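Here is what each chain is made of, one letter per residue.
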Amino acid sequence: MSEPVVFTYPIDGNNFTSAGGASVAVKQNLRALGFPDDVVRRVSIAMYEGEINMVIHAHGGTATVTVGEDEITIVLADRGPGIADVERAMQEGYYTAPDNIRALGFGAGMGLPNMRRYTDEMRIDSVVGTGTTVTMKVRIPEEGA
Amino acid sequence: MKIREIVSLLSADILCGGDLLDTDVHMACGSDMMSDVLAFVKDQAVLLTGLVNPQVVRTAMMMDMRCIAFVRGKRPSGEMLSLASSAGLAVLATPRRLYEACGILYHAGLGRTEP
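A quick note: this is a predicted structure, and the numbers were derived from the prediction, not measured.

Asks: Just to check I follow, could you spell out the overall build of chain A for this structure?
Replies: Across its full length, chain A holds five helices and five strands. Taken from the N to the C terminus, the helices and strands of chain A come in the order β-α-α-β-β-α-α-α-β-β. A globule of 145 residues ought to have a C-alpha radius of gyration of about 15 Å, and chain A, at 15 Å, matches this closely. In terms of overall dimensions, chain A has a C-alpha envelope of 45 × 30 × 25 Å along the principal axes. Considering only intrachain contacts with a sequence separation of at least 6, the fraction spanning at least 24 residues in chain A is 63%. Working note: accessible area of chain A is about 7100 Å², and carbon and sulfur atoms make up 47% of it. Side chains of chain A carry 12 positive and 19 negative charges; the gap between the two charge centres is 4 Å.

Dropping the structure here:
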């Protein structure tokens, strides 16, 4: 078994304009590694929504993408305020983002549901006042890569 | 539908990607909320929006879209255009409103699924 490929990116929490840059880089890297379009799209969209969330809600953090033999794992870790009610946060249309963020086209309560939609597994570990870690997995189909 | 036809139907200006006018698009999505755009993958789509910030371009990139049409005469920044250009996206600007622009393209057959 070959060593997994790991990409790590700091997410700048103070710059909405540059948010998503890490997801674009991951997309390019996965394409270069020869993954099918569908897998590349699912990983990058899920990570992009997560990256935007980290900027909107959590002052940034760290994104780590591990490319294993049969799955790609995305771990988004922040030291933000945490999510008090994870189950509620997962409901489509439930949002806590302020109007100025919604005016930028995000924060409509679709981010977490979209992350779940595009991944095969998703887990949220959150402690209020300490931070949140979101772990997502996308399985690589056998004929892929 | 070719991007060239979208330009003509919407009386749009071509802001970048003038070499992509013969690219085919099969679907369209009109929204100012990017997470709504990200919710469903559309094949070779055009994004119509009145929202102007770099996340519009990144959203289109994530979705492997072919074209962005800014409505209501909105103009993207040079930074957005260079990002779009590097991603191989055509960018248009139309004076039409979002509702009108979507209606015109739908009426012309874009994204219509006939029964």
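The structure having been displayed, the exposition proceeds.
Asks: Even after reading the chapter, I still don't get the overall build of chain B, so can you show me in this structure?
Replies: Each helix and strand in chain B was counted, giving five helices and five strands. Mapped in sequence order, the helices and strands of chain B form the string α-β-β-α-β-α-β-α-β-α. Principal-axis analysis of the C-alpha atoms gives chain B an extent of 40 × 30 × 25 Å. A burial count over chain B gives 51% of its 115 residues as buried. Long-range pairs, those at least 24 residues apart, make up 49% of the contacts in chain B with a sequence separation of at least 6. Looking at chain B, you have 11 positive and 12 negative side-chain charges, and the mean spots of the two groups are 5 Å apart.

Asks: Looking at this model, I keep getting lost on the pairing of strand β2 (residues 60-67) of chain A. Mind explaining?
Replies: Two faces, one strand: in a regular strand the side chains alternate between the faces of the sheet. All names here are of chain A. Where strand β1 (residues 5-12) and β2 come together, eight bridges link them in antiparallel fashion. From the neighbouring strand, I11 faces β2, where its bridge partner is G61. Two elements, β2 and strand β3 (residues 71-78), share seven bridges in a ladder whose sense is antiparallel. Note on β3: the bridge partner recorded for V67 is I72. Where β2 folds back onto β3 in an antiparallel hairpin, the turn is made up of three residues.

Asks: Where do I start with the pattern of salt bridges in this structure?
Replies: Two side chains that carry opposite charge are able to pair once their charged atoms sit near each other. Evaluated as defined, the whole model comprises 13 salt bridges over all chains. Here K27 of chain A and D64 of chain B are joined by a salt bridge, their closest N and O atoms 2.9 Å apart. Of this pair, K27 of chain A sits in helix α1 (residues 21-32) while D64 of chain B is found in the loop between α3 (54-62) and β4 (67-70), placing the two residues in two different chains. The residues K27 of chain A and D64 of chain B share a single accessibility class, namely buried. Across the pair R75 of chain B and D13 of chain B runs a salt bridge, and its minimum N-O distance is 2.6 Å. Note that R75 of chain B is positioned in the loop between β4 and α4 (78-86) and D13 of chain B in strand β1 (residues 13-16), a separation of 62 residues in sequence. The class for D13 of chain B is partly exposed, based on a relative accessible area of 38%. A single network of salt bridges, built from pairs that share partners, joins K27, R31 and R41 of chain A together with D64 of chain B.

Asks: What is the right way to look at helix α2 (residues 37-57) of chain A in this model?
Replies: Side chains that are three or four residues apart share a direction in an α-helix, a result of its 3.6 residues per turn. Over its 21 residues, α2 of chain A runs 30 Å from end to end, which matches the ideal 30 Å to within 8%, given 1.5 Å per residue. Counting buried positions over the 21 residues of α2 of chain A gives 18, a clear majority of the element.

Asks: Explanation requested: a negative patch on the surface in the structure shown.
Replies: There is a patch of like negative charges on the surface, built from E69, D70, E142 and E143 of chain A. Secondary-structure assignment places E142 of chain A in the segment after β5 (131-139).

Asks: In this structure, what is going on with unusual backbone geometry? I would like to understand it.
Replies: The phi angle of most residues is negative, glycine excepted, and most peptide bonds adopt the trans form. Residues and elements named next belong to chain B. The residue D64 is not glycine, and still its phi comes out positive at about 55°. Given the relative accessible area of 16%, D64 is considered buried. Backbone geometry places R72, a non-glycine residue, at a positive phi of 55°. What makes R72 partly exposed here is its relative accessible area of 39%.

Asks: Whenever I open this one, the packing of α1 of chain A against α2 of chain A confuses me. Can you help?
Replies: For any two helices packed against each other, the geometry is given by the interaxial angle and the distance between the axes. Residue and element names in this part refer to chain A. Taken N-terminus to C-terminus, the directions of α1 and α2 make an angle of 165°; their axes are 8 Å apart at the nearest point. Between α1 and α2, the interaxial angle falls into the category roughly antiparallel. Crossing of α1 over α2 shows right-handed handedness. Contacts from G21, A22, S23, V26, K27, L30 and R31 of α1 reach α2 at D37, V40, V43, S44, M47, Y48 and E51. Among the residues forming the contact of α1 with α2, the class breakdown is seven nonpolar, three polar and four charged.

Rules and cut-offs
In every chain, residue numbers begin from 1 and rise along the written sequence. Numbering of ligands from 1 and lettering of chains from A proceed in the order in which they are written. In view of the model being predicted, local features appear only for residues whose pLDDT reaches at least 70, and side-chain atom pairs are presented and counted only at 80 or more, with totals across whole chains, interfaces and linings using the full set of residues. Note: side-chain values were computed over all heavy atoms of the structure, leaving out hydrogens and water. Helix and strand assignments follow DSSP, with helices taken as H or I runs no shorter than four residues and strands as E runs no shorter than two, numbered in order from the N terminus. Our radius of gyration looks at C-alpha atoms and nothing else; its globule reference is 2.2 Å times the residue count to the power 0.38. Whether two residues are in contact is decided by their heavy atoms: any pair within 4.5 Å suffices. Per-residue accessibility takes into account occlusion by the displayed protein chains alone, with areas from the Shrake-Rupley method and a 1.4 Å probe. The charge count includes Lys and Arg as positive and Asp and Glu as negative, but it does not include His or the ends of the chains. Taken as the charge location is NZ of Lys, CZ of Arg, CG of Asp or CD of Glu. Each residue gets one of three labels from its accessible area relative to the maximum for its type: buried under 20%, exposed over 50%, partly exposed in between, using a 1.4 Å probe on protein chains only. Whether two strands pair depends on DSSP finding at least two bridges between them. Here a salt bridge means any side-chain nitrogen of Lys or Arg lying within 4 Å of a carboxyl oxygen belonging to Asp or Glu. A helix's residues, less one, multiplied by 1.5 Å, set its expected span. Patches here: salt-bridge-free residues with over 30% relative accessible area, like charges joined within 9 Å, nonpolar side chains (Val, Leu, Ile, Met, Phe, Trp, Tyr) joined within 5 Å. To get an axis, fit a line to the C-alpha atoms, keeping to the stretch in contact for a helix; angles then go from 0 to 180 degrees between the N-to-C directions. Throughout this description, any angle smaller than 35 degrees is read as roughly parallel, any larger than 145 degrees as roughly antiparallel, any in the 65 to 115 degree range as roughly perpendicular, and the remainder as oblique. Here a crossing is called left-handed whenever its near helix is offset anticlockwise from the far helix by less than a right angle, and right-handed whenever the offset is clockwise. When residues are sorted by character, Ala, Val, Leu, Ile, Met, Phe, Trp, Tyr, Cys and Pro go into the nonpolar class, Asp, Glu, Lys and Arg into the charged class, and all the rest, Gly among them, into the polar class.

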